[in-house]
Amino acid sequence: MSLCLNHRVTSLSVGVIGTGNIGTAHARSLAREVSGAEVTWVFDADSARASALADELGAHVAPSAEQLIASSDAVVIASPDALHADQAILCLDAQRPTLCEKPLAPTVGEAQRVVDAELDLGRRLLSLGFMRRFDPGYVYLKAAIPSVGTPLIVHNVHRNTFAPYGLTSAGTLTNSAIHELDINRWLLDDEYASVQVIVGRPGPDTPEGEFDPMLVILTTERGTLVEIEAFVNARYGYEVRCEVVASGGTLDMGDGSFITRRADRAVGHDVPELWLGRFGEAYRRELQAWVDATHRGKTSGATAWDGLVATITANAAVRSITEGPQAIDVPARPALYA
Ligand code: ISE
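Now for a look at the structure at hand. (Residues numbered from 1 in each chain as written. Predicted model: local features only at pLDDT ≥ 70, side-chain atom pairs only at ≥ 80, totals over all residues. Heavy atoms only, no water.)

Quick look at the environment of Ala82
Thinking step 1. Mapped onto the elements of the fold, Ala82 is located in the loop between strand 4 (74-77) and helix 4 (84-93).
Thinking step 2. Overall, Ala82 belongs to the exposed group, its relative accessible area being 52%.
Thinking step 3. Taking C-alpha positions, Ala82 is 27 Å from Ala335, a pair spaced 253 residues apart along the chain.
Thinking step 4. Ignoring any residue separated from it by four or fewer positions in sequence, one finds Ala82 in contact with Pro106 and Glu110. (Helix = DSSP H or I, 4+ residues; strand = E, 2+ residues; numbered from the N terminus. Buried < 20%, exposed > 50% of the residue type's maximum accessible area, 1.4 Å probe, protein only. Contact = heavy atoms within 4.5 Å.)

Printed below as a string of structure tokens:
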């Protein structure tokens with residue numbers, strides 16, 4: 001049942017659009033790990049998959065995304081990337097607080113439409129799922145930067161075991177490396193000035209005409225270098241690293257593992273296969289922050305504006321593969337996102 005959220009409700013009725021990997025993880029986490037919310041509706045183009053999750057969580061299957069939005073207090077969008085913008089606009093039109101998975105959209109035009117819809121509404125209702133902003137490793141890293149002086153270079157590694165949705169070079173930048181494009185801007189409190197992508201010899205699983213791994217090199221307006229290894233078919237496991245090299249020292253982010261195993265004459269820790277194994281806690285914190293913020297009539301984490309900036313940067317990076325270094329041109333930030 002739809003409720004007006006101008007007042008505090010005890011439990012937020014959340015509809016989850018998309019019941020694939022991340023939609024299922026979000027729905028389970030909302031139902032079991034997060035307080036102040038319940039999953040009441042789910043929708044997926046694959047209705048059998050939606051029904052299985054609904055049965056597991058005691059939720060209902062909506063016949064359409066529109067019906068889910070109309071029936072829920074708040075919405076999580078976890079559909080394929082190309083659907084995010086249209087569904088986010090439906091949520092804004094219906095004035096539903098929304099947590100939209102990253103990217104806001106693969107193209108700049110679509111991302112801009114979402115920002116325009118929110119500007120027309122005149123208030124922020126959309127939170128964007130750049131969950132790394134809630135990862136304890138990145139949070140500690142950001143807090144520690146002033147202790148080592150002026151950041152000069154940030155080295156980033158982002159490796160997937162296999163290309164999650166099939167590999168294209170553009171997809172690697174707009175879907176995967178887009179996490180680094182957001183998190184480095186957030187870590188440094190700075191904006192990008194330029195981007196250049198360098199490609200080399202293909203890895204064994206790289207389809208003809210695509211590039212993997214790639215090196216993405218950005219400069220920021222204050223002159224910090226940001227370097228990203230984007231490698232989506234690394235085979236051996238899922239790994240994300242970040243090292244800040246500053247004027248007075250360096251900072252290395254932890255890898256998110258809590259256990260060191262000594263056995264069989266070896267010492268080490270497990271490498272997860274998927275990002276959920278590395279960022280489970282970040283997702284949980286992100287959802288809790290979103291539910292808490294929604295109860296207060298606020299948004300949490302990254303905004304639609306952050307999503308637009310990330311998509312502008314990712315698309316400049318895509319152009320750079322064939323056209324060389326690109327300037328990053330971001331329009332003036334509207335007051336709504338100050
Ligand atoms: C996926 O959608 C994610 O968000 C993961 O964090 C990222 O590592 C992966 O490359 C994306 O496809």
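Looking at the packing of helix 8 (residues 178-188) against helix 10 (residues 304-323)
Thinking step 1. Their axes nearest at 9 Å, the elements helix 8 and helix 10 cross at an angle of 120°. On the basis of their axis angle, the class for helix 8 and helix 10 is oblique. Handedness of the crossing formed by helix 8 with helix 10: right-handed. Contacts between helix 8 and helix 10 pair Ile178, Leu181, Asp182 and Arg185 from the former with Trp305, Asp306, Val309, Ala310, Thr311, Thr313 and Ala314 from the latter.
Thinking step 2. Across the contact of helix 8 with helix 10, the residue classes tally to six nonpolar, two polar and three charged. (Axes fitted to C-alpha atoms, helices over the stretch in contact; angles between N-to-C directions. Parallel < 35°, antiparallel > 145°, perpendicular 65-115°, else oblique. Left-handed = near helix turned anticlockwise from the far one by under 90°. Nonpolar A, V, L, I, M, F, W, Y, C, P; charged D, E, K, R; others polar.)

A short note on the side chain of Glu180
Thinking step 1. Note on placement: Glu180 falls in helix 8.
Thinking step 2. A relative accessible area of 0% means that Glu180 is categorised as buried.

A closer look at the site of the ligand
Thinking step 1. Close to the ligand lie Lys102, Met131, His158, Asn160, Pro164, Tyr165, Asn175, Ser176, His179, Tyr238 and Trp275, which account for all nearby residues.
Thinking step 2. In this structure, an oxygen atom belonging to the ligand sits 2.9 Å away from a side-chain N or O atom of Lys102.
Thinking step 3. Separating an oxygen atom of the ligand from a side-chain N or O atom of His158 is a distance of 2.6 Å.
Thinking step 4. In isolation the ligand offers 300 Å² of accessible surface; the protein chains occlude 96% of this area.
Thinking step 5. Counting atoms within 2 Å of the grid points, the majority share of the ligand lands in the largest pocket.
Thinking step 6. Classifying every residue of the shell around the ligand gives five nonpolar, five polar and one charged. (Near = heavy atom within 4 Å. Polar contact = N/O pair within 3.5 Å; in protein donor to acceptor, adjacent residues only side chain to side chain. Areas by Shrake-Rupley, 256 points an atom, 1.4 Å probe, with all protein chains shown as cover. 1 Å grid on protein atoms, 1.4 Å probe; cavity = no way out; pocket = protein on both sides within 12 Å on 5 of 7 lines; lining within 4 Å. Sits in = over half its atoms within 2 Å of the grid points.)

Digging into helix 5 (residues 108-121)
Thinking step 1. Relative to the 20 Å expected for 14 residues at 1.5 Å per residue, helix 5 spans 20 Å between its end C-alpha atoms, a close match to the ideal helical length.
Thinking step 2. Those residues of helix 5 lying buried are Glu110, Ala111, Val114, Val115, Ala117 and Glu118. Along the axis of helix 5, the buried residues cluster in a sector spanning 155°; they form a single face.
Thinking step 3. Positive phi shows up at Gly122, right after helix 5, with a value of about 85°. (Expected span 1.5 Å × (residues − 1). Arc of directions from axis to C-beta.)

Some points on the sheet that holds strand 5 (residues 98-101)
Thinking step 1. Reading across from one edge, 3-2-1-4-5-6 is the order of the six strands in this open sheet, with parallel pairing throughout. Two strands bound the open sheet, and with one partner strand each, they are strand 3 (60-61) and strand 6 (126-129).
Thinking step 2. Sheet analysis places strand 1 (residues 12-17) next to strand 4, joined by four bridges and oriented parallel. If you follow Gly15 over to strand 4, its bridge partner there is Val75.
Thinking step 3. Lying on the sheet, helix 4 is in contact with strand 1, strand 4, strand 5 and strand 6; it crosses strand 4 at an angle near 175°.
Thinking step 4. Of the strands in this sheet, strand 1, strand 2 (37-43), strand 4, strand 5 and strand 6 are in contact with helix 9 (residues 275-295), which crosses strand 5 at around 155°. (Pairing = 2+ DSSP bridges.)

Considering the sheet that holds strand 8 (residues 192-199)
Thinking step 1. Pairing is mixed in the open sheet, where seven strands are placed in the order 12-11-7-10-9-8-15. Among the strands making up the open sheet, the edge pair consists of strand 12 (249-252) and strand 15 (326-327).
Thinking step 2. The sheet contact formed by strand 7 (residues 151-159) and strand 11 (residues 239-246) spans eight bridges and is antiparallel. In the strand pairing of strand 11, Val157 is matched with Arg241.
Thinking step 3. Packed onto the sheet, helix 7 (residues 169-176) meets strand 7, strand 8, strand 9 (214-220) and strand 10 (225-231) and runs at close to 50° relative to strand 9.
Thinking step 4. With respect to the sheet, helix 8 is in contact with strand 7, strand 8, strand 9, strand 10 and strand 11, its orientation differing from that of strand 7 by roughly 150°.

Side note on the pattern of salt bridges
Thinking step 1. Applying the stated criterion across every chain, the model contains 20 salt bridges.
Thinking step 2. Asp86 serves as the salt-bridge partner of Arg113, at 2.8 Å between the closest nitrogen and oxygen. Within this pair, whereas Arg113 is found in helix 5, its partner Asp86 is found in helix 4, the two being separated by 27 residues in sequence.
Thinking step 3. The partly exposed category is assigned to Asp86, whose relative accessible area is 45%.
Thinking step 4. Asp135 serves as the salt-bridge partner of Arg278, at 3.0 Å between the closest nitrogen and oxygen. Of the two residues, Arg278 sits in helix 9 while Asp135 sits in the loop between strand 6 and helix 6 (136-144), which places them 143 residues apart along the sequence. For the residue pair Arg278 and Asp135, the accessibility class agrees, reading buried in each case.
Thinking step 5. A cluster of three or more residues bridged by salt bridges with shared partners is formed by Arg133, Asp182, Arg185, Glu191, Asp306 and Arg333. (Salt bridge = Lys/Arg side-chain N within 4 Å of Asp/Glu carboxyl O.)

Honestly, it's all geometry; don't read function into it.
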